[in-house]
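Below are the chains, spelled out letter by letter.
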Amino acid sequence: MTAAYTFDVFSSLDGFGAAGGDWTGYWGKQGPELLGHRLALYGEEQRMVLGATTYRAFARMLASSTEGAEVRDPWVTRMRSLPATVVSTTLEGPLDWPDATLVSGDAVEVVARLKEESEVPLRSHGSLSMNRALMAAGLVDRVQVTLFPVITGRSGLDPVFHGAADFDLELIEHRTLDGHIQELVYRPTPHA
């Protein structure tokens, strides 16, 4: 049996994973329900899979933050404590992540092997280009989009699905958090 792989991503309504300008983390829309749900989600036994760009971003944000900063929310601290595989052809160890394994190679090959070998589910938060490639290869079982009620047309950064293949999505879970944030979980299948 292969391990399930979830591509977990935050997005604005117009499809950006982040924004510049005066937007803060979570686009300033987080509340206790979202943060509690994220902590419970990352409380489950699982293995994180990160690409080099996302690993570098997390390491940089954590290194420059202080206690109480958003980047140190309890769910992020919990995520960082999970075992992780960082896929990169450019990084060199050791990594500043407590239980991380650096694997050099093609992400599709690495994740295909992890899905066969892992006894726990796999999850990736962010790692947009890596996850678009994994979706194209049919390795993503679930796409979990946390949709924030903002449009960042002028300041949007990191288009989540820019350049992705075409997919049909089957909605398998959904919830509203803090009265205005949508979490949508889909099963992707290539569009024929």
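To be clear, the structure that these remarks concern was listed above.
Residues numbered from 1 in each chain as written. Predicted model: local features only at pLDDT ≥ 70, side-chain atom pairs only at ≥ 80, totals over all residues. Heavy atoms only, no water.

A. Geometry of the nonpolar core. In terms of nonpolar packing, the biggest core is built from 27 residues, with Tyr42, Tyr55, Trp75, Met79, Trp97 and Phe148 touching the most fellow members. When residues of this core are traced back to their parent elements, those giving at least two are α1 (32-43), β3 (47-51), α2 (52-64), α3 (74-81) and β4 (84-87). For this core, the element with the most residues is α2, which contributes five residues. Leaving out residues up to four positions away in the same chain, Met79 has contacts with Tyr42, Met48, Phe58, Trp97 and His125. Core analysis: the second largest hydrophobic core is formed by 21 residues, Leu114, Leu128, Met130 and Met135 among them. (Core = buried A, V, L, I, M, F, W, Y, C linked by side-chain atoms within 4.5 Å. Buried < 20%, exposed > 50% of the residue type's maximum accessible area, 1.4 Å probe, protein only. Helix = DSSP H or I, 4+ residues; strand = E, 2+ residues; numbered from the N terminus. Contact = heavy atoms within 4.5 Å.)

B. Expanded view of the packing of aromatic side chains. What the rule picks out here adds up to nine aromatic pairs. Ring geometry for Phe10 against Tyr26: centres 5.9 Å apart, planes inclined by 45°, an arrangement best described as tilted. With Phe10 in strand β1 (residues 5-12) and Tyr26 in the loop between β2 (16-19) and α1, this pair connects stretches of sequence that are 16 residues apart. Each member of the pair, Phe10 as well as Tyr26, is classed as buried. (Phe/Tyr/Trp six-rings, centres within 6.5 Å; stacked < 30°, edge-to-face > 60°.)

C. How the structure looks around the sheet that holds β1. Strand order across the open sheet formed by eight strands is β5-β4-β3-β6-β1-β7-β10-β9, with mixed pairing between neighbours. Bordering the open sheet on either side are β5 (100-103) and β9 (167-177), each of which pairs with just one other strand. Ignoring which end each strand starts from, the neighbouring axes of this sheet average 25° apart. One ladder, built from four bridges, connects β1 with strand β6 (residues 122-125); its direction is parallel. Paired with Phe7 across the strands is Ser124, a residue of β6. (Pairing = 2+ DSSP bridges. Axes fitted to C-alpha atoms, helices over the stretch in contact; angles between N-to-C directions.)

D. Main features of the pattern of salt bridges. Tallied over the full model, the rule gives eight salt bridges. Taking the shortest distance from any N to any O, the salt bridge between Asp8 and Arg38 comes out at 2.8 Å. One end of the pair, Asp8, is in strand β1; the other, Arg38, is in helix α1, and 30 residues separate them in sequence. Here Arg38 falls in the buried class, since its relative accessible area comes to 0%. The partner of Lys115 in a salt bridge is Asp141, and the shortest N-O contact between them spans 2.5 Å. Here Lys115 is found in helix α4 (residues 107-117), whereas its partner Asp141 is found in the loop between α5 (128-136) and β7 (142-148), with 26 residues between them in sequence. Bridged by salt links that share partners, the residues Arg142, Glu173, Arg175 and Glu183 form one connected network. (Salt bridge = Lys/Arg side-chain N within 4 Å of Asp/Glu carboxyl O.)

E. Just the environment of Asn131, in detail. Among the structural elements, Asn131 can be located in helix α5. On a C-alpha basis, the gap between Asn131 and Phe161 in space is 9.3 Å, while along the polypeptide they are 30 residues apart. In terms of polar contacts, Asn131 uses its side chain to reach the side chain of Ser124, at 3.0 Å. (Polar contact = N/O pair within 3.5 Å; in protein donor to acceptor, adjacent residues only side chain to side chain.)

F. How the structure looks around the packing of α4 against α5. Running from amino to carboxyl end, α4 crosses α5 at an angle of 70°, the nearest separation of the two axes being 9 Å. It follows from the interaxial angle that α4 and α5 lie roughly perpendicular. Seen from above, α4 lies across α5 with right-handed handedness. Each of Ala107, Val108 and Val111 in α4 lies in contact with α5, whose residues at this interface are Met130, Ala133 and Leu134. (Parallel < 35°, antiparallel > 145°, perpendicular 65-115°, else oblique. Left-handed = near helix turned anticlockwise from the far one by under 90°.)

G. Structural detail: α2. Here α2 is 13 residues long and its end C-alpha atoms lie 18 Å apart, about the 18 Å a rise of 1.5 Å per residue gives. When α2 is considered as a whole, its buried residues turn out to be Ala52, Thr54, Tyr55, Phe58, Ala59 and Leu62. All buried residues of α2 project into a common sector of 165° when viewed along the axis, lining one side. Exposed side chains of α2 directed beyond 90 degrees from the buried face belong to Thr53, Arg60 and Ser64. Those residues of α2 that are buried are in contact with β3, α3, β4 and β6. (Expected span 1.5 Å × (residues − 1). Arc of directions from axis to C-beta.)

Scope: geometric values only; no functional claims are made or implied.
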